[in-house]
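# Commentary on secondary and tertiary structure
Each chain is listed here by its residues.
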Amino acid sequence: MTEPTVSLTHLLGLEGVSAADIQILLDTGFTFREVLDRPIKKVPTLSGINVVNLFFENSTRTRISFELAEKRLSADVTNFSVGGSSLDKGEGLKDTVLNIHAMKMDAVVMRHPVPGAAVQLSRFVDAVVINAGDGSHEHPTQALLDMLSLQERFGRLKGLKVGIIGDIAHSRVARSNIFGLLTMGAEVAVCGPGHLIPPQVEALGVSVVPDVDDLLGWADAVNVLRIQRERMGAGLIPSVREYRAGFGLTNERLARHKREIIILHPGPINRGVEIDSDVADSDQAIILDQVINGVAVRMSILYHLLGPRAAG
Ligand code: CP
């Protein structure tokens, strides 16, 4: 039997990616999840393939997870990180392109503060480009690991009711989750301070639920976004106390709802702000499952996008 292949050359975002391609990436993610449970977790699939991880913005989970995924697949890995604050956008990307050509890289995993940076890069390099988060645009690998975790927990995505809570307007995690979940037949509702809900979000097929208790009464699962403290500095988010009172996932709030709601969080967590510590550590939170599923789904992405190069 022929193994299913994805129709993607790069992974730049989930907008426009077909359900068939997403399902292939998730199915192979489950296979690699089993590999990660074995005593010997390494496979030779990408032996001889060069991958560079370019992080122009801070990252803990995504950077480590990609590096682990690449090493588990036996790729040769190069890491490059710079602080985002001094980055000159035009020069940065031009230099990136020149360096990738010079180093003969097969793949670039890039996090960049500028929306669309991964798309731009993909136009000028012959390497596979994987977007590890570009500004407030997309974070497709995060959404894929979230979907893998939901499918693992519920056995399906179709018809699943997923709420996303927080600063939807500035969140690449929210955007990629919305595109991916809707494509896979889930229902999506967003909840957060009114001025942080994009005005056109309903046109995407998403519901807006202003009251977090109403959202919890409806949802099978909620994805709680990190409240970015820099937004507080900019006056976009009220005080920590006010945000927690309005939108925080607390035990008291969850106790009002009889059904167990599954809780996801992309990390890093602000304990006591968007989620209380005891909720984050509870059985209904699958935050650490997301972390291991992140390695598995990134192995799947690398396998499908780079496998043909490794074979050829
Ligand atoms: N979820 C996520 O993207 O985390 P990092 O910023 O630590 O990579």
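Residues numbered from 1 in each chain as written. Predicted model: local features only at pLDDT ≥ 70, side-chain atom pairs only at ≥ 80, totals over all residues. Heavy atoms only, no water.

## Observations regarding helix α5 (residues 140-154)
- Between its terminal C-alpha atoms α5 stretches 21 Å, which fits the 21 Å expected from 15 residues at 1.5 Å a residue.
- Within α5, 12 of the 15 residues are buried, which leaves it mostly tucked inside the rest of the structure.
- For α5, the complete set of buried residues consists of Pro140, Thr141, Gln142, Ala143, Leu144, Leu145, Asp146, Met147, Leu148, Ser149, Leu150 and Gln151.
- One or two positions beyond α5, positive phi appears at Gly155, with a value near 80 degrees. (Helix = DSSP H or I, 4+ residues; strand = E, 2+ residues; numbered from the N terminus. Expected span 1.5 Å × (residues − 1). Buried < 20%, exposed > 50% of the residue type's maximum accessible area, 1.4 Å probe, protein only.)

## Focus: the site of the ligand
- Residues in close proximity to the ligand include Ser59, Thr60, Arg61, Thr62, Arg111, His139, Gln142, Pro266 and Gly267, which together make up its full environment.
- A distance of 2.8 Å is found between an oxygen atom of the ligand and a side-chain nitrogen or oxygen belonging to Arg111.
- At 3.0 Å, a side-chain N or O of Gln142 approaches a nitrogen atom of the ligand.
- Surface burial for the ligand is 91%, taken as the share of its 260 Å² of free accessible area covered by protein chains.
- Per-class residue counts for the shell around the ligand are 1 nonpolar, 6 polar and 2 charged.
- Both domains that furnish three or more residues to the shell around the ligand are identified here as domain 1 (19-138 + 294-311) and domain 2 (140-290). (Near = heavy atom within 4 Å. Polar contact = N/O pair within 3.5 Å; in protein donor to acceptor, adjacent residues only side chain to side chain. Areas by Shrake-Rupley, 256 points an atom, 1.4 Å probe, with all protein chains shown as cover. Nonpolar A, V, L, I, M, F, W, Y, C, P; charged D, E, K, R; others polar. Domains from an automatic or database assignment.)

## Describing the packing of aromatic side chains
- With the rule as written, the count across this model stands at 3 aromatic pairs.
- Between Phe32 and Tyr303 the ring centres are 5.7 Å apart and the planes differ by 75 degrees, which places this aromatic pair in the edge-to-face class. On the criterion of sequence distance, the pair formed by Phe32 in helix α1 (residues 19-36) and Tyr303 in helix α12 (residues 287-311) is long-range, its members being 271 residues apart. Exposure class is identical for Phe32 and Tyr303. Each is buried.
- On the numbers, 5.5 Å between centres and 35 degrees between planes, the contact of Tyr243 with Phe247 is tilted. (Phe/Tyr/Trp six-rings, centres within 6.5 Å; stacked < 30°, edge-to-face > 60°.)

## Points about the pairing of strand β2 (residues 76-81)
- As paired strands, strand β1 (residues 50-55) and β2 are joined by 6 bridges and run parallel to one another. Considered in β2, the bridge of Leu54 is made with Phe80.
- For the crossover that starts at β1, traverses helix α2 (residues 61-72) and ends in the parallel β2, the hand is right-handed. (Pairing = 2+ DSSP bridges. Right-handed = clockwise from strand over helix to strand, strands pointing away.)

## Examining α12
- Between the first and last C-alpha of α12 there are 35 Å, a value that for 25 residues agrees with the 36 Å anticipated at 1.5 Å per step.
- Roughly 45 degrees is the biggest bend found in α12, and it falls at Leu305, with proline Pro308 one to four residues downstream. (Bend = angle between axes of the 7 residues up to and from the residue.)

## A closer look at the sheet that holds β1
- Taken in spatial order, the 4 strands make up an open sheet running β2-β1-β3-β4, and their pairing is parallel. Every other strand in the sheet has two partners, leaving β2 and β4 (128-134) as the edge strands with one partner each. Sheet twist, expressed as the average angle between the axes of neighbouring strands with direction ignored, equals 15 degrees.
- Taken strand by strand, α2 contacts β1, β2, β3 (107-112) and β4, and its axis lies near 175 degrees from that of β1. (Axes fitted to C-alpha atoms, helices over the stretch in contact; angles between N-to-C directions. Contact = heavy atoms within 4.5 Å.)

## Focus on the sheet that holds strand β7 (residues 207-208)
- Within the open sheet, the 5 strands sit side by side as β7-β6-β5-β8-β9. Their pairing is parallel. Each having just a single partner strand, β7 and β9 (262-264) make up the two edges of the open sheet.
- With 5 bridges connecting them, strand β5 (residues 161-165) and strand β6 (residues 187-191) associate as parallel partners. Bridge pairing in β6 places Gly163 opposite Ala189.
- Contacting β5, β8 (221-224) and β9, α5 crosses the sheet at an angle of about 165 degrees to β9.

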